[in-house]
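Residues per chain are reported as follows:
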Amino acid sequence: MGKTVTVYRGTKDGVIHSEQNKVTLEPNDVFVEITHSGVCGADELFLKSGIVLGHEGIGIIRQIGENVTTVKIGDRVGFSFVQKVCGSCHNCLSGRDHYCIKKTQYGQDLQASGSFSHGAVRDASCIYAIPDGYPSEYAAPLMCAGATVWNVLTSNSIRPGDRVGVMGIGGLGHLAIKLGAAMGYQMVAISSSKNKHDEAIELGASEHYLRDQMDQAAGDFKPLRHLILTGSPDTDYQKILSFMDTDGAIYPLTSAQKPAPISLSSLNSRGIRIQGSMVAPRHSIKSLLQFAAAKSIHPQVMTFPLTKEGIEQALQKLRDGNMRYRGVLVRDQ
């Protein structure tokens, strides 16, 4: 089965290009008509690669492959980076299918599979039912931004009452605060702007500190058990070790290519670890959607039309640092 859809891809000169692409369904695939797409910093990274952008897709299933039995035409679903897994390797069998070693494919790998489009094809095993009543414009950012912080908050033995810091109140950071507070964690916000104090408290943080003034607060500052780093990748790890409790953990959710110098003796002497984290496994995304719907947790979003002009406007706002806090493309149907 095939279908022709409008897609938006980046080009080498950094300009969004619109074209018609034909997509084909395999027996285990579904065709999702896109209604909403989140805008992620990774879309800016892939802008000049020539691929169809977007990996925070929400839409309606319009076609299904002959082997698909888990969903039906008309279902409202979402999808993220991972678009196919083998289901049989040791990672898949242990719930770590985002690290599938055989068949994992990511949204950027295939030319016509991105959510910056009017339709995308996904393996039926890698789509997620959106809870009834939960708005699609809020569900879209959960597919990547929300899932990324949720994976940290639920996979690292964090317990209610633990002090969990979030450095950077932006697309990922504001969701980490909202979700963590709803889970009973003591959320501590750290940002570069004093103007975000009231907002940090409204999001659910119990405390707010300015990043450049943390040294001054060190004497009265109660150490953090966990610290989630979002926003700027230029982090002075040696400096932030002083904020951490013994046996604490730091989770960098930023993309940086250059090495981050840090004294191993400083880590070893206090048992602090720096823990990497990847896109969430499928079971984690499913649990996030249910939790967000049950607790009425809504990302703070700005909407743009799902058009060439709307995409360019959203990416420019992201570049300028004026996105509050996740951009969502909405298709006029």
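Everything below is about the structure shown above.
Residues numbered from 1 in each chain as written. Predicted model: local features only at pLDDT ≥ 70, side-chain atom pairs only at ≥ 80, totals over all residues. Heavy atoms only, no water.

Here we look at the overall build of the chain
In step 1: Along the chain, the regular secondary structure elements total ten helices and 17 strands.
In step 2: Considered along the principal axes of its C-alpha atoms, the chain spans approximately 65 × 40 × 40 Å.
In step 3: Residue burial in the chain is summarised as follows: out of 333 residues, 53% are buried.
In step 4: Summarising the internal contacts of the chain: among those between residues at least 6 apart in sequence, 67% fall at separations of at least 24.
In step 5: When the accessible area of the chain is evaluated, it comes to approximately 14700 Å², of which 48% is carbon and sulfur surface.
In step 6: One finds the centroid of the 34 positive side-chain charges in the chain at a distance of 3 Å from the centroid of its 31 negative side-chain charges. (Helix = DSSP H or I, 4+ residues; strand = E, 2+ residues; numbered from the N terminus. Buried < 20%, exposed > 50% of the residue type's maximum accessible area, 1.4 Å probe, protein only. Contact = heavy atoms within 4.5 Å. Areas by Shrake-Rupley, 256 points an atom, 1.4 Å probe, with all protein chains shown as cover. Lys, Arg positive; Asp, Glu negative; His and termini not counted. Charge placed at Lys NZ, Arg CZ, Asp CG, Glu CD.)

Considerations on the sheet that holds strand β12 (residues 207-210)
In step 1: One open sheet accounts for six strands, arranged β12-β11-β10-β13-β14-β15; its pairing is parallel. Every other strand in the sheet has two partners, leaving β12 and β15 (273-274) as the edge strands with one partner each.
In step 2: The pairing of strand β14 (residues 244-252) with β15 spans two bridges and is classified as parallel. Bridging across to β15, alanine 249 finds its partner in arginine 273. (Pairing = 2+ DSSP bridges.)

Side note on the pattern of salt bridges
In step 1: Applying the stated rule across the entire model yields ten salt bridges.
In step 2: Glutamate 199 is the partner of arginine 324 in a salt bridge, and the nearest nitrogen-oxygen pair spans 2.6 Å. Here the residue arginine 324 occupies a position in the loop between α10 (308-319) and β17 (326-330), and glutamate 199 occupies one in helix α5 (residues 197-203), the gap between them amounting to 125 residues.
In step 3: Exposure remark for arginine 324: the relative accessible area of 34% places this residue in the partly exposed category.
In step 4: It is possible to trace a salt-bridge network through shared partners that takes in Glu33, Arg62 and Arg331. (Salt bridge = Lys/Arg side-chain N within 4 Å of Asp/Glu carboxyl O.)

What to know about the pairing of strand β4 (residues 57-64)
In step 1: With six of eight residues buried, β4 is to be regarded as a mostly interior element.
In step 2: Here strand β3 (residues 29-39) pairs with β4 via seven bridges, running antiparallel. Residue pairing in the sheet places histidine 36 in a bridge with isoleucine 58 of β4.
In step 3: The pairing of β4 with strand β5 (residues 76-79) spans four bridges and is antiparallel.

The values reported here are purely geometric and, on their own, carry no functional implication.
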